[in-house]
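Here's the letter readout for the chains.
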Amino acid sequence: VQLDRSGWTVTASSQEIYGEGTSHGYASNIKDGNTSTFWHSRYTGGNAAKPHWIMVNLGSVQTIDAFNYVARMANITGCNGNIENYKLYISTSAPTTTNISGTMEEVASGEFSYTGSNTEHLITLDNSVEAQYVLLYAVSTHGSIDDTFANCSEFYLYKNEYFTNFGTSTRT
């Protein structure tokens, strides 16, 4: 079951609020249900320094079994900031983002695969976890200059859902 995103608050390491137009670049776009909008790390006035990450405050501690990172575009060489390698961190209390690994628990890591027109990356966790804060950390990204930018169109979390078709997102 997809977790309700209406009460989420989203923060990021940075966000592009000028160069992507009036509705793009903001961290809050990862929960708006519109795959045409997206979060993008800052580049106006100079590229934001690494690390790049987005963090969701769920509003309360909830059980999480899976997540879905939806990249901005499927074309990995033509889209700055599609996350390639990632780490997923959680916490039940407010973390210190300047010390992510010291204040949050890493519960998943890996590489998102970009094949065909795939932009959705559904990852089932090895074990159910309890968290209020969930942080997606971009270890490496694709683009004209790899690892310079990061993006996310949509981000979903799931509870107690059994996925039978990994090629299709099941947002129910």
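Everything below is about the structure printed above this text.
Anyway, here's the lowdown on the structure attached to this text.

Examining the overall build of the chain
Alright, step 1. Per the secondary structure count, the chain includes one helix and eight strands.
Alright, step 2. Ordering the α and β elements of the chain from the N terminus gives β-β-β-β-α-β-β-β-β.
Alright, step 3. In the chain, which comprises 172 residues, the share counted as buried stands at 46%.
Alright, step 4. Sequence-distant contacts, at least 24 apart, represent 76% of the contacts inside the chain between residues at least 6 apart.
Alright, step 5. Approximately 8000 Å² of the chain is accessible, and the part contributed by carbon and sulfur atoms is 46%.

Observations concerning the environment of Gln-15
Alright, step 1. Inspection of the secondary structure puts Gln-15 in the loop between strand E1 (9-12) and strand E2 (39-40).
Alright, step 2. Other than its neighbours up to four places away in sequence, Gln-15 contacts Gly-25, Tyr-26, Ala-27, Trp-39, His-40, Ser-41 and Arg-42.
Alright, step 3. Engagement of the side chain of Gln-15 in a polar contact is seen with the backbone nitrogen of Ala-27, the distance being 2.7 Å.

Comments concerning unusual backbone geometry
Alright, step 1. With an omega of 5 degrees, the peptide bond running from Lys-50 to Pro-51 counts as cis.
Alright, step 2. Secondary-structure assignment places Pro-51 in the loop between E2 and strand E3 (52-70).

Quick word on the pattern of salt bridges
Alright, step 1. Here the structure, examined in full by the defined rule, presents two salt bridges.
Alright, step 2. A salt bridge links Glu-154 to Arg-5, with the shortest nitrogen-to-oxygen separation between them at 2.9 Å. Here the residue Glu-154 occupies a position in strand E8 (residues 154-158), and Arg-5 occupies one in the segment before E1, the gap between them amounting to 149 residues.
Alright, step 3. Residues Lys-87 and Glu-106 are paired through a salt bridge, measuring 3.9 Å at the closest nitrogen-oxygen approach. Residue Lys-87 is located in strand E4 (residues 83-91), and its partner Glu-106 is located in strand E5 (residues 105-111); the two are separated by 19 residues in the primary sequence.

Side note on the side chain of His-40
Alright, step 1. Along the chain, His-40 turns up in strand E2.
Alright, step 2. Looking at His-40, the relative accessible area reads 2%, which means it is buried.
Alright, step 3. The contacts of His-40, once residues within four sequence positions are left out, are Ser-14, Gln-15, Glu-16, Glu-20, Gly-25, Arg-72, Asn-80, Phe-149, Ala-150 and Asn-151.

Details of the nonpolar core
Alright, step 1. Judged by nonpolar contacts, the single largest core of 31 residues is most densely connected at Phe-67 and Phe-155.
Alright, step 2. Contributions of two or more residues to this core are made by E3, E4, E5, strand E6 (120-141) and E8.

Let's talk about the packing of aromatic side chains
Alright, step 1. For the coordinates displayed, the defined rule picks out seven aromatic pairs.
Alright, step 2. Centre to centre, the rings of Phe-67 and Tyr-86 are 5.7 Å apart; their planes meet at 75 degrees, and the pair counts as edge-to-face. Residue Phe-67 is found in strand E3, and its partner Tyr-86 is found in strand E4; the two are separated by 19 residues along the sequence.
Alright, step 3. For Tyr-86, a relative accessible area of 4% puts it in the buried group.

So, the pairing of E8
Alright, step 1. The element E8 is largely enclosed, with a buried count of five among its five residues.
Alright, step 2. By the alternation rule, side chains of E8 split into Glu-154, Tyr-156 and Tyr-158 and Phe-155 and Leu-157, which are all buried.
Alright, step 3. With five bridges joining them, E3 and E8 adopt antiparallel strand pairing. From the neighbouring strand, Asn-68 faces E8, where its bridge partner is Tyr-156.

Procedures and definitions
- Residues numbered from 1 in each chain as written.
- Predicted model: local features only at pLDDT ≥ 70, side-chain atom pairs only at ≥ 80, totals over all residues.
- Heavy atoms only, no water.
- Helix = DSSP H or I, 4+ residues; strand = E, 2+ residues; numbered from the N terminus.
- Buried < 20%, exposed > 50% of the residue type's maximum accessible area, 1.4 Å probe, protein only.
- Contact = heavy atoms within 4.5 Å.
- Areas by Shrake-Rupley, 256 points an atom, 1.4 Å probe, with all protein chains shown as cover.
- Polar contact = N/O pair within 3.5 Å; in protein donor to acceptor, adjacent residues only side chain to side chain.
- Salt bridge = Lys/Arg side-chain N within 4 Å of Asp/Glu carboxyl O.
- Core = buried A, V, L, I, M, F, W, Y, C linked by side-chain atoms within 4.5 Å.
- Phe/Tyr/Trp six-rings, centres within 6.5 Å; stacked < 30°, edge-to-face > 60°.
- Pairing = 2+ DSSP bridges.

Shape is all these values report; function is a separate question.
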